[in-house]
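# Structural features, examined
Letter by letter, the chains look like this.
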Amino acid sequence: MDMKQVSAALSGMKKLSQTMTGMYHSHPSAAPLPSRDDIRNFHDPAAAYFIISFANRKTSVKCFKIIDHKAFQVKFEVIR
């Protein structure tokens, strides 16, 4: 999604009194760490930010909270 689409989605959620709990995106060839652009463009400190990496032919997922333009890794558990 580009930033206009993200803004429209968040605006629509606000009108419906919904709260975003998290979002994700992928890094096809880089580590699952937030880039400077990721940190600059993510504006909801309450939401989880998942990054899925496919680097080195191995799928890896990390989760972060981004607060005041700083990324903090968050532990999470996948329940199947």
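Residues numbered from 1 in each chain as written. Predicted model: local features only at pLDDT ≥ 70, side-chain atom pairs only at ≥ 80, totals over all residues. Heavy atoms only, no water.

### Remarks on unusual backbone geometry
We apply this condition: The helix count covers DSSP runs of H or I at least four residues long, the strand count covers runs of E at least two residues long, and both are numbered beginning at the N terminus. Whether a residue is buried, partly exposed or exposed follows from its accessible area with a 1.4 Å probe, protein chains only, as a fraction of its type maximum: under 20%, in between, or over 50%, in that order.
Of note, the phi angle at Asp-68 is positive, near 50°, even though the residue is not glycine. Assignment of secondary structure puts Asp-68 in the loop between β3 (60-67) and β4 (70-74). Unlike most non-glycine residues, His-69 shows phi in positive territory, near 60°. Mapped onto the secondary structure, His-69 falls in the loop between β3 and β4. A relative accessible area of 56% places His-69 in the exposed class.

### Section: the packing of aromatic side chains
Going by this rule: Stacked, tilted and edge-to-face are the three classes assigned to paired rings of Phe, Tyr and Trp, where Trp is represented by its six-membered ring and a pair needs centres within 6.5 Å; plane angles under 30 degrees give stacked, over 60 edge-to-face, the rest tilted.
Applying the stated criterion to the full structure yields two aromatic pairs. Considering the side-chain rings of Phe-42 and Tyr-49, the 4.5 Å spacing of their centres and the 45° angle between planes classify their relative orientation as tilted. Residue Phe-42 shares its accessibility class with Tyr-49, and that shared class is buried. Between Phe-50 and Phe-76 the ring centres are 5.3 Å apart and the planes differ by 85°, which places this aromatic pair in the edge-to-face class. With Phe-50 in strand β2 (residues 48-53) and Phe-76 in the segment after β4, this residue pair connects regions lying 26 residues apart in the sequence. For Phe-76, a relative accessible area of 37% gives the class partly exposed.

### Focus on the sheet that holds strand β1 (residues 22-27)
The criterion, for reference: Here the rule is simple: two strands pair whenever DSSP picks up at least two bridges between them. In this analysis, axes come from line fits to C-alpha atoms, helices being fitted only over the stretch in contact, and the angle between any two N-to-C directions falls in the range 0 to 180 degrees.
On the basis of which strands lie adjacent, the open sheet formed by four strands has the order β1-β2-β3-β4 and mixed pairing. Lying at the two open borders of the sheet, with one neighbouring strand each, are β1 and β4. Averaged over neighbouring strand pairs, the angle between their axes works out to 35° when direction is ignored. Across six bridges, the pairing between β1 and β2 is parallel. From the neighbouring strand, His-27 faces β2, where its bridge partner is Ser-53.

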